[in-house]
Amino acid sequence: MERFNALLEKDINYRRTLLALFVLFLLLRSFQIGSPILDRHSWNQVSTAATAMNIYKDPASFWKPDFSAIQYDTDSSVMAQEFPVYMGLLALGYTMFGPHILVARLISIAIALVGWVYLFRLCRLTESRSASLLILFIYTVNSHNWFFDRAINSDTGMVSFMLAAFYYFLQYLEQRSFRNFLLMTLTTTLAGLFKPFGLMIGLSFLVILWRRKKLTTLKDPLILLMGLIVWAVNLSWLVYTKLYVSNSIGLGHRLGFDPGILFSLEFPYVMSQRFFDQILSPFLAFFFLFALFSKKVRSDIGAALLVGNLFYTIYITHGNMEHNYYQLPLTPALCIYAGLGMHYWLSNPSQRFSQRFRNRLAIFVMIGFMLYSGKRAWNHFRLSTGPKIVGDQIKELNLSADTLILAVETSGTRYHEIIYYSGLRGYVARKVSPEIIARHKEKGVTYVAVHLEEKEMNDPVFMTPLRENLDEVWSSYDCKDTYSRPCFIGLYKIKP
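Here the structure is a predicted model, which is why all the values come from computation and not from measurement. (Residues numbered from 1 in each chain as written. Predicted model: local features only at pLDDT ≥ 70, side-chain atom pairs only at ≥ 80, totals over all residues. Heavy atoms only, no water.)

**Describing the overall build of the chain**
Thinking step 1. Counting its secondary structure elements, the chain contains 23 helices and seven strands.
Thinking step 2. In terms of overall dimensions, the chain has a C-alpha envelope of 80 × 55 × 50 Å along the principal axes.
Thinking step 3. In the chain, which comprises 496 residues, the proportion classed as buried is 56%.
Thinking step 4. Restricting the contact set of the chain to residue pairs at least 6 apart, pairs at least 24 apart contribute 75%.
Thinking step 5. Total accessible area on the chain stands at roughly 22300 Å², and carbon and sulfur atoms take up 62% of it.
Thinking step 6. Distance from the positive charge centre (49 side chains) to the negative charge centre (35 side chains) of the chain: 12 Å. (Helix = DSSP H or I, 4+ residues; strand = E, 2+ residues; numbered from the N terminus. Buried < 20%, exposed > 50% of the residue type's maximum accessible area, 1.4 Å probe, protein only. Contact = heavy atoms within 4.5 Å. Areas by Shrake-Rupley, 256 points an atom, 1.4 Å probe, with all protein chains shown as cover. Lys, Arg positive; Asp, Glu negative; His and termini not counted. Charge placed at Lys NZ, Arg CZ, Asp CG, Glu CD.)

Dropping the structure here:
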């Protein structure tokens, strides 16, 4: 480690190492960069992509985000969630370079790069060059960032601007200039606009003030003004959507605090599995725990990020339990502690283990970490092509834009990919029956598109209504799900 530190003392070696990490960041996130949105969490990605596509087609829909899947109770495909800043950026990219998935993913990677840069800048405020680069390597390679940094989602933007906001908050504490105030206010506002949960970074502000015994800073007029601006902007959108948009999830009450889940044995089990399997992997779990509980490793920045986001994990109990991308805000803190734990273990003398042994073990751990992260990321990259095949079949019919379809999708991780790839609007159902067909016929639906997994395609309860109550236009068994299991896809017309 001493030799590595000595090498990094030379600026040219330091810059080359940082450049190599930057290239690795881009290479990893370029995998399947042009593939359709049919991978893991595609239901969430398609919601975002459909909203962006509709803004591209009709900029006025920015204020009433339309994701093409009609809600049965309201007969409206408008669904307001977070402020559509991310979707608007995608739409702008489509306007400039064409409505291609490659454009969307490049924009996503660019936004993720903001977080990558500011995590490094945060580390450099208190840590050495070698420790900061080690933390950045872990952040670059872990499977969570590997996949979600190029996914079509607003969560990565939220995390990126949370890190930028925390950096400029620290800068403002050191130099209370108007420039730092503006940057702190802008980035904190954006963290909340990408997703309201981004405002949880304010808890990290409080933790760092408490640890540094600077709580009197809260009396600073500009800090108070910053808080007023940030909350006014973010609450304005939530109030607007609640009052003027037919389908609005507000703060996502269904995702919120749930004491029954929180105090169950399942919640800590699931969270530990995601932290020490999907993010840090078993290879780095020891170093994280060592750094977290050792009195020899200290990080005000890591502690502030960890405490603030642990509160977020508890507050959004149901969301964190249900979806693993909800742990993205915790990833920087996990990487900081894992990196500091390994760096301390390598840098300090040990009576039990020689430096040579520790160096070799570190190389083994990092290689294992990379391979394990790749394996976990691949589980997310695998595609289920059925919904796009059906969508393409619908496009070949050249139906009018006002044609309504019913998409029958039985996969729990998919929702309205068929609707997105058809270019139309429509409803979604999890099963098919004569009653469901009749109800949607009354809504004006003319076509029923299906994507049935192995269990359902062999179940007469699903297949009989398709054959007896609908006219088949096209069907195929040439379909595999993400685990290479067979599925059934088809397109039917409702009988007059």
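**Focus: the environment of E9**
Thinking step 1. Note on placement: E9 falls in helix 1 (residues 2-9).
Thinking step 2. Residue E9 is classed as exposed on the basis of its relative accessible area, which comes to 60%.

**Focus: the state of the cysteines**
Thinking step 1. Evaluated as defined, the whole model comprises one disulfide.
Thinking step 2. Shown here is the disulfide that connects C479 with C487, its sulfur atoms set 1.9 Å apart. The sign of the S-S torsion, about -80 degrees, decides the handedness of the disulfide formed by C479 and C487: left-handed. Across the pair, exposure class does not vary: C479 and C487 are buried alike.
Thinking step 3. Counting only cysteine sulfurs, C335 is the nearest neighbor of C123, a cysteine outside any disulfide, at a range of 9.2 Å.
Thinking step 4. On the basis of relative accessibility, which here comes to 0%, the residue C335 falls in the buried class. (Disulfide = S-S within 2.5 Å.)

**Comments concerning the packing of aromatic side chains**
Thinking step 1. In the structure shown here, the tally under the stated rule is 37 aromatic pairs.
Thinking step 2. Aromatic pair F147 and F148: ring centres 5.0 Å apart, planes at 80 degrees, arrangement edge-to-face.
Thinking step 3. Its relative accessible area of 3% is what places F148 among the buried residues.
Thinking step 4. Measuring from centroid to centroid gives 6.1 Å for F197 and Y326, while their planes differ by 50 degrees, and the two rings are tilted. Taken together, the residues span a long stretch of sequence, with F197 in the loop between helix 9 (178-194) and helix 10 (201-211) and Y326 in the loop between helix 16 (317-322) and helix 17 (331-347) at a distance of 129 residues.
Thinking step 5. Exposure remark for Y326: the relative accessible area of 4% places this residue in the buried category. (Phe/Tyr/Trp six-rings, centres within 6.5 Å; stacked < 30°, edge-to-face > 60°.)

**Re unusual backbone geometry**
Both trends apply: most residues other than glycine have a negative phi, and most peptide bonds are in trans.
Thinking step 1. The backbone phi angle of Q32 is positive, close to 50 degrees, even though this residue is not glycine.
Thinking step 2. We classify Q32 as partly exposed; its relative accessible area is 22%.
Thinking step 3. Within the chain, S281 stands out as a residue other than glycine whose phi angle is a positive 70 degrees.
Thinking step 4. On the basis of relative accessible area, S281 is assigned to the buried category, the value being 1%.

**Thoughts on the environment of L89**
Thinking step 1. Among the structural elements, L89 can be located in helix 4 (residues 85-97).
Thinking step 2. Owing to a relative accessible area of 35%, L89 belongs among the partly exposed residues under this scheme.
Thinking step 3. For L89 and A104, which are 15 residues apart along the polypeptide, the C-alpha to C-alpha distance reads 8.7 Å.
Thinking step 4. Leave out the neighbours within four places in its chain, and L89 touches I107, I111 and F194.

**Concerning helix 21 (residues 434-442)**
Thinking step 1. Buried within helix 21 we find I436, I437 and H440. Angular distribution of buried residues about the axis of helix 21 spans 100 degrees; they occupy a single face of the element. For helix 21, the exposed residues lying more than 90 degrees away from the buried face are E435 and E442.
Thinking step 2. Contact partners of the buried residues in helix 21: strand 3 (404-409), strand 4 (425-429), strand 5 (445-453), helix 23 (460-469), strand 6 (470-476) and strand 7 (487-494).
Thinking step 3. Just downstream of helix 21 lies G444, where phi reads positive at about 105 degrees. (Arc of directions from axis to C-beta.)

**Quick look at the packing of helix 5 (residues 101-126) against helix 8 (residues 155-174)**
Relative placement of two packed helices is described by the angle separating their axes and the distance separating the axes.
Thinking step 1. Contact pair helix 5 / helix 8: the axes reach a minimum separation of 8 Å and the direction vectors enclose 30 degrees. On the basis of their axis angle, the class for helix 5 and helix 8 is roughly parallel. Seen from above, helix 5 lies across helix 8 with left-handed handedness. Contact with helix 5, carried on its side by I111, A112, V114, G115, Y118, L119, R121, L122 and L125, involves T156, G157, S160, F161, L163, A164, F166, Y167, Y168, L170 and Q171 of helix 8 and no other residues of that element.
Thinking step 2. Within the contact of helix 5 with helix 8, the residues separate by chemical class into 14 nonpolar, five polar and one charged. (Axes fitted to C-alpha atoms, helices over the stretch in contact; angles between N-to-C directions. Parallel < 35°, antiparallel > 145°, perpendicular 65-115°, else oblique. Left-handed = near helix turned anticlockwise from the far one by under 90°. Nonpolar A, V, L, I, M, F, W, Y, C, P; charged D, E, K, R; others polar.)

**What about the nonpolar core?**
Thinking step 1. Formed by 143 residues in total, the largest nonpolar core has its most connected members in I138, F166 and L284.
Thinking step 2. The element contributing the most residues to this core is helix 8, with 14 residues.
Thinking step 3. Aside from chain neighbours lying at most four places away, what touches F166 is L122, I201, S204, F205, I208, I301, A304 and L305.
Thinking step 4. Membership of the second largest hydrophobic core comes to 21 residues, among which are V408, V448, V450 and F488. (Core = buried A, V, L, I, M, F, W, Y, C linked by side-chain atoms within 4.5 Å.)

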